[in-house]
Amino acid sequence: MGTMRALKSGLASEDMINAAVMDWAKAKKVDNFVIHIPNEGKRSFGYGKKLKQLGMRPGVSDLFVCMPKHSYHGAWIEIKSDEGRMRPEQIKFHEDMMKQNYYTRVTWGLDDTLLTLEWYCFHADNVKLF
């Protein structure tokens, strides 16, 4: 199945959704402010230990939007496919970030993610979407 067909069908993996989001960010000229956090994937024990020593934290959201908007310092967005679910570490990370006045949201699929980013990046601060 092709990437665009998979995205439209709702069968897209989180990797596919992330790639499409970054294409959107580049087209909208906010790619310097929308950052993907590569926190997923399997690693050897030694490399995982090294990353942990360097500050990698389980549960960190997929995207960080480093723009203060809507009275928030920035936004942390966790992208989930239709079959995805939040892990306890991800829930804890969102709770921690909310306490520090960051916008946090779990999005489900490409359309929800792009709608969230469009609102966060481009709508006036007094427009409430979520």
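Residues numbered from 1 in each chain as written. Predicted model: local features only at pLDDT ≥ 70, side-chain atom pairs only at ≥ 80, totals over all residues. Heavy atoms only, no water.

Asks: Outline the nonpolar core, supporting the account with residue identities and numerical values.
Replies: Formed by 21 residues in total, the largest nonpolar core has its most connected members in Val21, Leu63, Val65, Leu117 and Tyr120. When contributions to this core are tallied by element, the ones reaching two or more residues are helix 2 (14–27), strand 2 (63–65), strand 3 (75–80) and helix 5 (109–122). For this core, the element with the most residues is helix 5, which contributes 6 residues. The contacts of Tyr120, once residues within four sequence positions are left out, are Val65, Met67, Pro68, Lys69, His70, Tyr72, His73, Gly74, Ala75 and Tyr103. (Core = buried A, V, L, I, M, F, W, Y, C linked by side-chain atoms within 4.5 Å. Buried < 20%, exposed > 50% of the residue type's maximum accessible area, 1.4 Å probe, protein only. Helix = DSSP H or I, 4+ residues; strand = E, 2+ residues; numbered from the N terminus. Contact = heavy atoms within 4.5 Å.)

Asks: If you had to explain the sheet that holds strand 1 (residues 34–36) to someone new, which residues and values would you point to?
Replies: Strand order in the open sheet formed by 4 strands is 1-2-3-4, with mixed pairing between adjacent strands. Here the strands that pair on one side only, and so sit at the sheet edges, are strand 1 and strand 4 (103–108). Here the average twist between neighbouring strands, direction ignored, is 20°. Running at roughly 160° to strand 3, helix 4 (residues 88–99) makes contact with strand 3 and strand 4 of the sheet. (Pairing = 2+ DSSP bridges. Axes fitted to C-alpha atoms, helices over the stretch in contact; angles between N-to-C directions.)

Asks: Can you tell me about unusual backbone geometry, naming the residues and giving the values?
Replies: Backbone geometry places Lys29, a non-glycine residue, at a positive phi of 60°. Tracing the backbone shows Lys29 in the loop between helix 2 and strand 1. At Ser71, a residue that is not glycine, the phi angle is positive and equals roughly 70°. One can find Ser71 in the loop between strand 2 and strand 3. The exposure class assigned to Ser71 is exposed, which follows from its relative accessible area of 65%.

Asks: I'd love a proper account of helix 5, names of residues and values included.
Replies: An ideal rise of 1.5 Å per residue puts 20 Å on 14 residues; helix 5 measures up with 20 Å between its terminal C-alpha atoms. For helix 5, the buried fraction is high: 10 of the 14 residues fall into the buried class. (Expected span 1.5 Å × (residues − 1).)

Asks: Lay out the pairing of strand 3 in plain terms, naming residues and giving numbers.
Replies: In terms of residue burial, strand 3 counts as a mostly covered element, since 6 of its 6 residues are buried. Side chains Ala75, Ile77 and Ile79 project from strand 3 onto one buried face, and the interleaved Trp76, Glu78 and Lys80 project onto a second face that is buried too. For strand 2 and strand 3, the ladder comprises 3 bridges, and the chain directions are antiparallel. Looking at strand 3, one finds that Val65 is bridged to Ala75. In this structure, strand 3 lies alongside strand 4, joined through 6 bridges in parallel fashion. Within the sheet, the bridge partner assigned to Glu78 lies in strand 4 and is Val106. Note that the unit made of strand 3, helix 4 and strand 4 has a crossover that is right-handed. (Right-handed = clockwise from strand over helix to strand, strands pointing away.)

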